[in-house]
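Analysis of the macromolecular model
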Amino acid sequence: MEWKFSSETKSEIPLPPEYTFPQAFNYLNPEVNSFYVLENENGYIQCAGSKQQCTVEFREYKKGGAFKHFVFYEPTGSDENVFIEMSNGGVNRKSKHCFSFLKAAKLFKCFY
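So, here's what we can say about the structure.

1. A word on the overall build of the chain
Scanning the chain from N- to C-terminus turns up two helices and seven strands. Mapped in sequence order, the helices and strands of the chain form the string β-α-β-β-β-β-β-β-α. Whereas a compact globule of 112 residues would reach a radius of gyration of roughly 13 Å, the chain reaches 14 Å, a difference of no more than 12%. For the chain, buried positions account for 36% of its 112 residues. Long-range pairs, those at least 24 residues apart, make up 48% of the contacts in the chain with a sequence separation of at least 6. Accessible surface for the chain amounts to roughly 6,800 Å². Of this, 51% is attributable to carbon and sulfur atoms. In the chain, the 13 positive side-chain charges and the 13 negative ones have mean positions that sit 6 Å from each other.

Right under this line is the structure:
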């Protein structure tokens with residue numbers, strides 16, 4: 001399976017074990033480097049926001065061009081509305097959809 005790991009500022013980032021997801025996500029910044037994407041032919045996982053507050057989504061491709069899309073969340077989190085800043089403006093989410101960069105890195109590692 002072929003993988004590609006990229007960010008807003010880098011089109012190619014080395015994958016583990018050469019470079020770890022926490023190392024990469026340490027540069028997550030809502031002004032200039034607000035997203036990371038890890039993809040393969042079956043789908044992708046992406047995170048966007050800042051080190052303190054980012055959202056993580058997963059897309060799985062199906063036959064015929066269809067797909068399933070999921071937004072990860074913390075089951076014990078709240079439904080309070082939050083705005084996650086990004087370089088292109090941002091996105092509205094619920095507080096339960098927000099993670100630190102270390103939790104996002106764990107989700108990327110599981111996908112990988």
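2. Considerations on the side chain of S7
Counting through the fold element by element, S7 comes out in strand 1 (residues 4-7). Separated by 3.1 Å, the side chains of S7 and N33 make a polar contact. If we ignore the near neighbours within four places in the chain, the residues touching S7 are I13, N33, F35 and Y36.

3. Points about the sheet that holds strand 3 (residues 43-49)
Taken in spatial order, the five strands of this open sheet run 1-2-3-4-5, and their pairing is antiparallel. The sheet is open, and its two borders are formed by strand 1 and strand 5 (67-71), each paired with just one other strand. Each neighbouring strand pair of the sheet contributes to a mean axis angle of 15 degrees, computed without reference to strand direction. Bridge analysis of strand 3 against strand 4 (residues 54-61) gives seven bridges, and the strand direction is antiparallel. Across the sheet, the residue bridging to A48 is T55, located in strand 4. Contacts from helix 2 (residues 101-111) reach strand 1, strand 2 (35-40), strand 3 and strand 4, with the element oriented near 175 degrees to strand 3.

4. Quick look at the pattern of salt bridges
All chains considered together, the criterion is met by four salt bridges. Of the charged contacts in the structure, one is a salt bridge between E57 and R93, with a shortest N-O distance of 2.1 Å. Of the two residues, E57 sits in strand 4 while R93 sits in strand 7 (residues 89-94), which places them 36 residues apart along the sequence. Judged by relative accessible area, E57 falls into the buried class, the value being 11%. One salt bridge in this structure joins E60 and K62, with 3.4 Å as the shortest N-O distance. A residue is classified by how much of its surface remains accessible, and K62, at 37% relative accessible area, is partly exposed.

Scoring rules and cut-offs
- Residues numbered from 1 in each chain as written.
- Predicted model: local features only at pLDDT ≥ 70, side-chain atom pairs only at ≥ 80, totals over all residues.
- Heavy atoms only, no water.
- Helix = DSSP H or I, 4+ residues; strand = E, 2+ residues; numbered from the N terminus.
- Rg over C-alpha atoms; globule rule 2.2 N^0.38 Å.
- Buried < 20%, exposed > 50% of the residue type's maximum accessible area, 1.4 Å probe, protein only.
- Contact = heavy atoms within 4.5 Å.
- Areas by Shrake-Rupley, 256 points an atom, 1.4 Å probe, with all protein chains shown as cover.
- Lys, Arg positive; Asp, Glu negative; His and termini not counted.
- Charge placed at Lys NZ, Arg CZ, Asp CG, Glu CD.
- Polar contact = N/O pair within 3.5 Å; in protein donor to acceptor, adjacent residues only side chain to side chain.
- Pairing = 2+ DSSP bridges.
- Axes fitted to C-alpha atoms, helices over the stretch in contact; angles between N-to-C directions.
- Salt bridge = Lys/Arg side-chain N within 4 Å of Asp/Glu carboxyl O.

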